[in-house]
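The lines below spell out each chain.
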Amino acid sequence: MPHLTLDQAADAAIQRLGSILVTVTVLTPDKEEVSRVFSTHPEVYAVGGRKRLDPAHTSPIWLEQVVAGQQPFLGADRESVRAFFVDWETIESLGCGAIVNTPVVYQGETIGSVNFLGAEGSLDEGSSAVALEITAEATEAVVAARAEAFPETAFGTASGTFPGGVR
């Protein structure tokens, strides 16, 4: 399987899914928040931005499906986006009305998500499959970005190396 940088993953999402916005969030070490480690629109969704994983900020259904269930979340229309995301007004201001969130799973644990947003009606179940492919190819880059943001999470294997022996 090829390995993509986060920039390459965003480019693939733009080409293959028509994504308008791509962000990557990782769970903080205490798993109380997610922190953004990548954004194609950093002027709106800044790297380092955080969202609490509580019902006031994050849908419990989203948490159950993406983080706990390790399954993609599809919000194919504005109604779905508005129902599940507190920042729906900002999402819509970018021309987005559909979303696929995919879990980033490393060593069996969900460590974050890749978030693909496009125009309303542009994403469907087939898009979820493509988004999962892109996410799998970018997992190593997400692991590295999380380790950079939170050094205490670095070197997630017992041997102290990432897959492929990279230190």
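Quick note: structure is the one above.
Note that the structure is a prediction, hence the values are computed from the model and not measured.

A. View of the side chain of Ser128. With respect to the helices and strands, Ser128 occurs in helix H5 (residues 125-149). Setting aside its immediate chain neighbours within four residues, Ser128 contacts Pro72, Leu74 and Val100.

B. Expanded view of helix H1 (residues 6-17). Here H1 spans 15 Å end to end across 12 residues, near enough to the 16 Å set by a 1.5 Å rise per residue. Where the residues of H1 are buried, they touch strand E1 (21-27), strand E2 (33-39), strand E6 (109-118) and H5.

C. View of the sheet that holds E2. Spatially, the 6 strands line up as an open sheet ordered E3-E2-E1-E6-E5-E4, and their pairing is antiparallel. Two strands bound the open sheet, and with one partner strand each, they are strand E3 (50-52) and strand E4 (73-75). Averaged over all pairs of adjacent strands, the angle between strand axes in this sheet comes to 25°, irrespective of strand direction. The pairing of E1 with E2 spans 5 bridges and is classified as antiparallel. From the neighbouring strand, Thr25 faces E2, where its bridge partner is Arg36. The strands touched by H5 are E1, E2, E4, strand E5 (98-106) and E6; relative to E5, the strand with the most contacts, the crossing angle is about 50°.

D. Region of interest: the nonpolar core. Leu6, Leu17, Val24, Phe116, Ile134 and Val142 are the most contacted members of the largest nonpolar core, which totals 29 residues. Those elements that provide at least two residues to this core are H1, E1, E2, E5, E6 and H5. No other element matches the 8 residues that H5 contributes to this core. Here Val24 is in contact with Leu6, Ser35, Arg36, Val37, Phe38, Ser113, Val114, Asn115 and Val142, once residues within four sequence places are set aside.

E. Expanded view of the packing of aromatic side chains. With the rule as written, the count across this model stands at 2 aromatic pairs. Ring plane angle 75° and centroid distance 5.8 Å describe the contact between Phe73 and Phe85, whose orientation is recorded as edge-to-face. Taken as a pair, Phe73 in strand E4 and Phe85 in the loop between helix H3 (78-84) and helix H4 (88-93) lie far apart in primary sequence, 12 residues in all. Residues Phe73 and Phe85 agree in their burial class; the two are buried. One aromatic cluster is present, formed by Phe73, Phe84 and Phe85 through successive ring pairs.

F. Structural context of the pattern of salt bridges. The final tally for this structure, using the stated rule, is 9 salt bridges. A salt bridge links Glu92 to Arg78; its shortest N-O distance comes to 3.9 Å. Placement of the pair is Glu92 in helix H4 and Arg78 in helix H3, with a sequence separation of 14 residues. On the accessibility criterion, Glu92 (18% relative accessible area) is buried.

G. Here's a closer look at the packing of H1 against H5. Where H1 meets H5, the closest approach of the two axes is 9 Å, and the angle between their N-to-C directions is 170°. Viewed along their axes, H1 and H5 adopt a mutual orientation that is roughly antiparallel. Residues Leu6, Ala9, Ala12, Ala13, Arg16 and Leu17 of H1 touch H5, and the partners they reach there are Ser127, Val130, Ala131, Glu133, Ile134, Ala138, Ala141, Val142 and Ala145. Residue composition of the contact of H1 with H5, by class: 12 nonpolar, 1 polar and 2 charged.

H. Representation of unusual backbone geometry. Phi angles above zero are rare outside glycine, and Lys31 is one such case at about 60°. One can find Lys31 in the loop between E1 and E2. The phi angle at Gln70 is positive, at roughly 55°, despite the residue not being glycine. Tracing the chain through its elements places Gln70 in the loop between helix H2 (60-68) and E4. What makes Gln70 partly exposed here is its relative accessible area of 28%.

Parameters and conventions
Position numbers for residues start from 1 in each chain and track the written sequence from start to end. In keeping with the predicted nature of the model, local features appear solely for residues at pLDDT of at least 70, side-chain atom pairs appear and are counted solely at 80 or more, and the whole-chain, interface and lining totals rest on all residues. Calculated side-chain values reflect all of the structure's heavy atoms, with hydrogen atoms and water omitted. Secondary structure elements follow DSSP: runs of H or I no shorter than four residues count as helices, runs of E no shorter than two count as strands, and numbering proceeds from the N terminus. Here a residue-residue contact requires only that any non-hydrogen atoms of the pair lie within 4.5 Å. Multiply 1.5 Å by the residue count of a helix minus one, and that product is the helix's expected span. One requirement defines pairing of two strands: DSSP has to find at least two bridges between them. Here an axis means a line fitted to C-alpha atoms, over the contact stretch when the element is a helix, while the angle between two N-to-C directions is reported on a 0 to 180 degree scale. Among buried residues, the Ala, Val, Leu, Ile, Met, Phe, Trp, Tyr and Cys ones that are joined through side-chain atoms within 4.5 Å form a nonpolar core. The classification of residues rests on relative accessible area computed with a 1.4 Å probe and restricted to protein chains. Under 20% of the type maximum is buried, over 50% is exposed, and intermediate values are partly exposed. Note on aromatic pairs: the rings of Phe, Tyr and Trp (six-membered ring only in Trp) are paired at centre separations within 6.5 Å, and the planes decide the class, stacked below 30 degrees, edge-to-face beyond 60, tilted for the rest. Note on definitions: salt bridges are taken to be side-chain nitrogens of Lys or Arg within 4 Å of carboxyl oxygens of Asp or Glu. Relative orientations are named as follows: roughly parallel for angles under 35 degrees, roughly antiparallel for angles over 145 degrees, roughly perpendicular for angles from 65 to 115 degrees, and oblique for any other angle. Each residue gets one label: Ala, Val, Leu, Ile, Met, Phe, Trp, Tyr, Cys and Pro are nonpolar, Asp, Glu, Lys and Arg are charged, and the others, such as Gly, are polar.

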